[in-house]
Amino acid sequence: MQFKFIAVVLGTITAASLAIPMQARAAEFKLARTFHAGFWQPVARVNPHKPLQVEVINQTNIPLQYGLTTDSAKTLLPGNVTNISYISVPTDVLIYPSQQEASLKYKVNKVGNTTIVKVRQVASDTPGDGSLAINRTGAVYVY
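Residue numbers restart at each chain and count upward from 1, following the sequence in its written direction. Predicted model: local features are reported for residues with pLDDT of at least 70 only, side-chain atom pairs are reported and counted for 80 or more only, and whole-chain, interface and lining totals are derived from all residues. Heavy atoms throughout the structure, all of them, feed into the side-chain values; hydrogens and water do not.

1. Looking at the sheet that holds strand β2 (residues 52-58)
Part 1: DSSP-based pairing: two strands are paired if at least 2 bridges between them are found. For helices the rule is a DSSP run of H or I covering at least 4 residues; for strands it is a run of E covering at least 2, with both sets numbered from the N terminus onward. The strand order across the open sheet built from four strands is β5-β2-β8-β7, with neighbouring strands paired in mixed fashion. Each edge of the open sheet is held by one strand with a lone partner, namely β5 (81-87) and β7 (103-111). Strand after strand, the sheet turns through a mean of 20 degrees between neighbouring axes, direction not considered.
Part 2: Alignment of β7 against strand β8 (residues 114-122), held across nine bridges, turns out to be antiparallel. Across the sheet, the residue bridging to K105 is R120, located in β8. Between N-to-C directions, angles cover 0 to 180 degrees, with each direction set by a line fitted to C-alpha atoms, over the stretch in contact for helices.

2. Some words on the confidence of the model for the chain
As a general rule, the predicted coordinates of low-pLDDT regions are not to be interpreted in detail.
Part 1: Each residue carries a pLDDT score, the predictor's own confidence in it, on a scale running from 0 to 100. The pLDDT averaged across the chain works out to 83; a share of 73% of its residues lies at or above 70.
Part 2: Considering each helix and strand of the chain separately, the mean pLDDT is smallest for helix α1 (residues 2-28), with a value of 56, and largest for β2, with 97.

3. Observations regarding the pattern of salt bridges
Part 1: Each reported salt bridge corresponds to a side-chain nitrogen of Lys or Arg within 4 Å of a carboxyl oxygen of Asp or Glu. What the rule picks out here adds up to one salt bridge.
Part 2: We note a salt bridge from D129 to K105, for which the minimum N-O separation is 3.9 Å. Taken together, the positions of D129 in the loop between β8 and β9 (131-134) and K105 in strand β7 put the pair 24 residues apart, joining distant regions of the chain.

4. Considerations on the packing of aromatic side chains
Part 1: Only Phe, Tyr and Trp rings take part, Trp by its six-membered ring, and two of them pair if their centres are within 6.5 Å. Stacked means planes under 30 degrees apart, edge-to-face means over 60, and tilted covers everything else. On inspection of all chains with the given rule, the structure shows one aromatic pair.
Part 2: Between Y141 and Y143 the ring centres are 6.3 Å apart and the planes differ by 25 degrees, which places this aromatic pair in the stacked class.
Part 3: Residue exposure (1.4 Å probe, protein chains only): buried if accessible area is under 20% of the type maximum, exposed if over 50%, otherwise partly exposed. Judged by relative accessible area, which is 18%, Y141 ranks as buried.

5. Quick word on the sheet that holds strand β6 (residues 91-97)
Part 1: Read across the sheet, six strands follow the order β1-β10-β9-β6-β3-β4 without closing on themselves; strand pairing throughout is antiparallel. Each of the sheet's edge strands pairs with one partner strand only, and the pair in question is β1 (44-45) and β4 (74-76).
Part 2: Relative to strand β10 (residues 139-142), β1 runs antiparallel, the two being bridged by two bridges. Considered in β10, the bridge of R45 is made with A139.

6. Comments concerning the environment of V142
Part 1: Among the secondary structure elements, V142 is positioned in strand β10.
Part 2: With relative accessibility at 18%, the residue V142 sits in the buried group.
Part 3: Here the alpha-carbon distance between V142 and P42, two residues 100 residues apart in the chain, equals 7.7 Å.
Part 4: Residues are treated as being in contact if the distance between any of their heavy atoms lies within 4.5 Å. Sequence-distant contacts of V142, defined by excluding residues within four places in its chain, comprise V43, Y106, V108, D129, S131 and L132.

Right under this line is the structure:
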C-alpha cells in the first residue's frame, strides 16, 4: 500500500514538473493583458543563441551611413540593400543620413533570425529614428 501511495505521489510531482515548463514557454509568446504599444515595447524578437543578421534596405533618395557601434560606418546608396552578419548581443546598429537635415523612420520585420530594417525618409522637422538595439534576450528596439 505504501509503495502505491509513493508511486502516485512521484507520478503527480513528475507530471506537474513537466507541465510547468510547457506553460511557461507558452506564456512567452502571449501578450500580457497590460500590453500597450509604444516606444518601450520591442519591435521584434530574435533568438540570441543563434546567428543574427540585420538587413538594411535604403528606401530613401539619399545615401545612408550604417554600422555596428563597434565598427566604422559604411555607406548605403539609395535603393540598395546590405546585410550585417556575425552580430553578437547586446549590440547597437546605427543607421543615419549622410545629410544632417534628413530625418529617417524604420519599419522593422523579422524573418527567421534576420531583422529586416526598411529605412524611409520623413519630413526633416519630424523626429526620426537613429539606431536599432538588440538586447541580451533578443528583444529589438528602435531609438
